[in-house]
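Per-entry structural report
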Amino acid sequence: MGGTEAIILTIITASTPLLLAAIGELVTERSGVLNLGVEGMMVMGAVCGFGAAYTTGSPYLGILAGIAGGMFMAFMFAVMTQTLATNQVATGLALTLLGLGLSGLIGESFVGLPGAKLEQISIPFLSTIPFIGPILFGQDILVYISIALVFATTYVLFKTRVGLIIRSVGDNHNSAHALGYNVIAVRYACILFGGACSGLSGAYLSLAYTPQWIENMTAGRGWIALALVVFSTWLPKRLAIGAYLFGAVWIMGLYVQAQGFGIPSQFLSSLPYLVTIIALVIISGNKTLTRVNTPACIGQTFVPDR
Amino acid sequence: MKKWLGFAAAIALSLAIVPTVIGSASAADKLKVGFIYVGPVGDHGWTYQHDQGRLAVENKFGDQVETTFVEKVAEGPDAERAIERLARKGAKLIFTTSFGYMEPTLKVASRFPDVKFEHATGYKQADNVATYSSRFYEGRYIIGQIAAKMSKTGVAGYIGSFPIPEVVRGINAFMLGAQSVNPDFKLKIVWVNSWFDPGKEADAAKVLIGQGADIISQHTDSTAPLQIAGENGVYAFGQASDMIAFAPKTQLTSIVDDWSSYYITRTQAVIDGTWKSGDTWGGIKDLMVGMAPYTNMPADVKAEAEATTAKIVSGEFHPFQGPITKQDGSVAAKEGETVAIGDMLGMNWYVKGIDDQLPN
């Protein structure tokens, strides 16, 4: 494993969980719902994913369980905020706390057990090409899924009727309702999609990134994902750039330290946040475009009056 | 009529109080021991080991004690409430197990003079506040020696949490151990600025391995770096508990925190009424620092590690005995001396041979 290749591979593993969770939250927010419970859904995905993979021995069943875990949390959020019309910010924060506590309870018996690592897919011939092979053709399935999701959500949101409905619900739920769309149902679907992605991201952590279960193992990645969504101005491709930029600066910070250049580690640790924010603010400099892409009804509760 | 009502209410109240008094009287026979943890019990590292100590106390004393713990208590002012609540609930001995609980512990202790407090890794005592810590650097010296023997590239990667004296002391001890075998040994240090972030610790391990380190040592709490080392076939050392399950083929040994003997001794002292404040800094000899079995290494390396362990236990050897030169060329300890205790506790310099600069 050469130096540069190793760094690029590490950057991909560091960026993938951020991208997975953020892309789900992006869709949720596009429908006008602010779910601050990403961290809670992620950590539930991680514990369910690890638990299922450990008990059945199949990482792929683990992935499915991770998705289910995230969706279970998202479903509770949807019932609270959509059916019972609770405050989204408060419910989201509560969801994070619940997720962290509940996952600790579920995962108690999995602590200290090494799990099976999700294997890399190796495509014959292609993955043996030096340098490019392992990077492009030797990743695990979740990395490919995360990339595919970026293109799929871009396509669905901006090129299909379904996407138009989601965006209209997010921009003006009263008009969408007047046109006859079921705002609540659309938002339910988008929240569940967000939960599935967060669960997938959690499963990535406990199956591929560090194949083990430790309480609180998400360590704040859900919050980074949330921030990335806002700074990408709700555009999937920018989100991907942001996630990879964050991962790259994060890993380069560690790399520079190991080189011993004497740059303060505290500064290097804060650099990913700084660089990502600055870069995304610059690329979203067009104010009109930003305003157009911001879901106008985000965080607002919708109660149909008739 | 109103008077009668008041009288009846008073009787009802006093009746209600009686059973509770009896209840607490029987509970008073038991010594209540409380613990405050900084992390989750399930971290399989620092907090996990403290909880093992708590369970050892329960096992040893059975019905004589009742233990309770509060986990994930943030360091700083928040801790004060958690500690005070334990004291109010009747705990007579309270262990606060992280450095950042120092001031909160002292504050609560001044309000509860008949409760005994034990603060881990701190340096301020009071009449009812004792401090305790472990000489983990003894273990770090031994693993440094093993690292230099096992390394082919002569470069080890070291994952640090925060540049505080405890961690710096560990790095220096590791380096001194390595230099005793190979004077040109190199150390690459990465700070992750967290005690516990499995993902980031794993990233640091990957980066270090990518840069030619063929030994990974960590001063962070999760099992992730060891697991990454195992996956890449790189030798590594566990932290806080025996983590062999995460790298069965590459864990060389692990520095194990063992709080059980200390917790049992101190609980016994409170039961006997002989508890006194003080500072305990225990090492391998006191069974507070343990070494997991030496594995995955040739017999001669193992024999030497065991010999060093024995010398440290007998007191014949001290990891920080001179001559030791600091990175800037000044003398830390002359031949025949050991580094002064104040310098040990507040260590803020690297030994000569470490290329990196210590972050401020």
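Residues numbered from 1 in each chain as written. Chains lettered and ligands numbered in written order. Predicted model: local features only at pLDDT ≥ 70, side-chain atom pairs only at ≥ 80, totals over all residues. Heavy atoms only, no water.

**Some remarks on the overall build of chain B**
The condition that has to hold: Only runs of H or I of at least four residues qualify as helices and only runs of E of at least two qualify as strands under DSSP, and these elements are numbered from the N terminus. Whether a residue is buried, partly exposed or exposed follows from its accessible area with a 1.4 Å probe, protein chains only, as a fraction of its type maximum: under 20%, in between, or over 50%, in that order. By the convention used here, residues are in contact when the closest approach between their heavy atoms is within 4.5 Å. Where accessible areas are quoted, they stem from the Shrake-Rupley method and a 1.4 Å probe; at the residue level, only the protein chains shown are allowed to cover. As used throughout, the charge tally considers Lys and Arg to be positive and Asp and Glu to be negative, leaving His and the chain termini uncounted. Charge positions come from single atoms, namely NZ of Lys, CZ of Arg, CG of Asp or CD of Glu.
When helices and strands are tallied, chain B shows 11 helices and 14 strands. Taken along its principal axes, the extent of the C-alpha atoms in chain B is 95 × 45 × 40 Å. Here chain B, with 360 residues, has 56% of them falling under the buried criterion. Taking the contacts inside chain B whose residues are at least 6 apart along the sequence as the reference set, 65% of them involve residues at least 24 apart. When the accessible surface of chain B is summed, it comes to about 15100 Å², and 56% of that surface belongs to carbon and sulfur atoms. Placing the 34 positive and 40 negative side-chain charges of chain B at their respective mean positions leaves the two points 6 Å apart.

**Overview of the pattern of salt bridges**
Residues and elements named next belong to chain B. Convention followed: We count a salt bridge whenever a side-chain nitrogen from Lys or Arg sits within 4 Å of a carboxyl oxygen from Asp or Glu.
By the definition in use, this model includes 16 salt bridges over all chains. The shortest N-O distance in the salt bridge between Glu 58 and Arg 54 comes to 4.0 Å. You can see Glu 58 and its partner Arg 54 sitting in helix α2 (residues 46-61), four residues apart, about one turn around the helix. Among the residues examined, Arg 54 registers a relative accessible area of 8% and is labelled buried.

**Let's talk about the domain arrangement of chain B**
Residue and element names in this part refer to chain B. The following threshold applies: Segmentation into domains, and thus their bounds, comes from an automatic or database assignment. Accessible area that two parts lose when put together, evaluated with a 1.4 Å probe and summed over both, is termed the buried area. N or O atoms closer than or at 3.5 Å make up a polar contact, with two conditions inside protein: a donor-capable atom paired with an acceptor-capable one, and, for residues adjacent in sequence, both atoms drawn from side chains. Any residue outside Ala, Val, Leu, Ile, Met, Phe, Trp, Tyr, Cys, Pro, Asp, Glu, Lys and Arg is labelled polar, Gly included; the first ten of those are nonpolar and the last four are charged.
Domains assigned within chain B are domain 1 (27-134) and domain 2 (136-255 + 294-314). Placing a centre on the C-alpha atoms of domain 1 and another on those of domain 2 gives a separation of 30 Å. Contacts between the two partners involve six residues from domain 1 and, on the opposite side, nine residues from domain 2. Of all residues in domain 1, His 44, Trp 46 and Ser 134 give up the largest surface area on contact with domain 2, accounting jointly for 58% of the area buried on that side. Where domain 1 touches domain 2, the interface holds zero salt bridges. Across the domain 1-domain 2 interface, the total number found is one residue pair in polar contact (both at pLDDT 80 or more). Taken together, the residues of the side of domain 1 that touches domain 2 break down into one nonpolar, four polar and one charged.

**As for the nonpolar core**
Under the convention used in this document: Residue types Ala, Val, Leu, Ile, Met, Phe, Trp, Tyr and Cys, when buried and joined through side-chain atoms within 4.5 Å, form a set referred to as a nonpolar core.
Core analysis: the largest hydrophobic core is formed by 99 residues, its most contacted members being Trp 213, Leu 239 and Ile 251 of chain A together with Ile 216 of chain B. Examining the composition of this core, we find that 14 residues originate from one element, helix α9 (residues 183-209) of chain A, more than from any other.

**Considering the pairing of strand β4 (residues 116-120) of chain B**
Residue and element names in this part refer to chain B. Note the following rule: What makes two strands pair is DSSP finding at least two bridges between them. By definition, the crossover connecting two strands over a helix is right-handed if that path, from the first strand to the second, turns clockwise as seen with the strands pointing away from the viewer.
Burial of β4 is extensive: four of the five residues sit out of reach of the surface. Pairing of strand β3 (residues 93-96) with β4, which is carried by four bridges, proceeds in the parallel orientation. Along β4, the bridge assignment pairs Leu 93 with Lys 116. Read as a crossover between parallel neighbours, the route from β3 over helix α4 (residues 102-111) to β4 is right-handed. As defined by bridge partners, β4 adjoins strand β5 (residues 129-134) across four bridges and the pair is classed as parallel. Across the sheet, the residue bridging to Phe 117 is Val 129, located in β5.

**Observations regarding the state of the cysteines**
Residue and element names in this part refer to chain A. The cut-off we apply is this: By definition, disulfides here are pairs of cysteine sulfur atoms that lie within 2.5 Å.
Going through the model one piece at a time under the given rule, you end up with zero disulfides over all chains. Counting only cysteine sulfurs, Cys 190 is the nearest neighbor of Cys 197, a cysteine outside any disulfide, at a range of 11 Å. As a non-bridged cysteine, Cys 297 has Cys 190 as the owner of its nearest cysteine sulfur, 13 Å distant.

**Some remarks on helix α7 (residues 161-171) of chain A**
Formally: Arc definition: directions from the helix axis to the C-beta atoms.
Here α7 of chain A has its buried residues at Gly 163, Ile 165, Ile 166, Val 169 and Gly 170 of chain A. Buried residues of α7 of chain A, seen end-on, are gathered within an arc of 160° and therefore sit on one face of the element.

**A word on the interface of chain A and chain B**
Between chain A and chain B, the residue contacts involve 35 residues of the former and 39 residues of the latter. Around 3000 Å² of area is buried between chain A and chain B when both sides are counted, 55% of it from carbon and sulfur atoms. Of all residues in chain A, Glu 215, Leu 254 and Ala 258 of chain A bury the most surface against chain B, accounting for 18% of the area lost on that side. For the pair chain A and chain B, the number of links is three salt bridges.

**Here we look at unusual backbone geometry**
Cis rather than trans, the peptide bond between Gly 322 of chain B and Pro 323 of chain B has omega equal to 0°. Relative to the helices and strands, Pro 323 of chain B is located in the loop between α10 (299-314) and β13 (324-325). Backbone geometry at Ala 219 of chain A places phi at a positive 45°, although glycine is not the residue there. With respect to the helices and strands, Ala 219 of chain A occurs in the loop between α9 and α10 (221-231). Positive phi outside glycine occurs at Leu 287 of chain B, with the angle close to 65°. Position of Leu 287 of chain B among the secondary structure elements: in the loop between β11 (279-282) and β12 (289-291).

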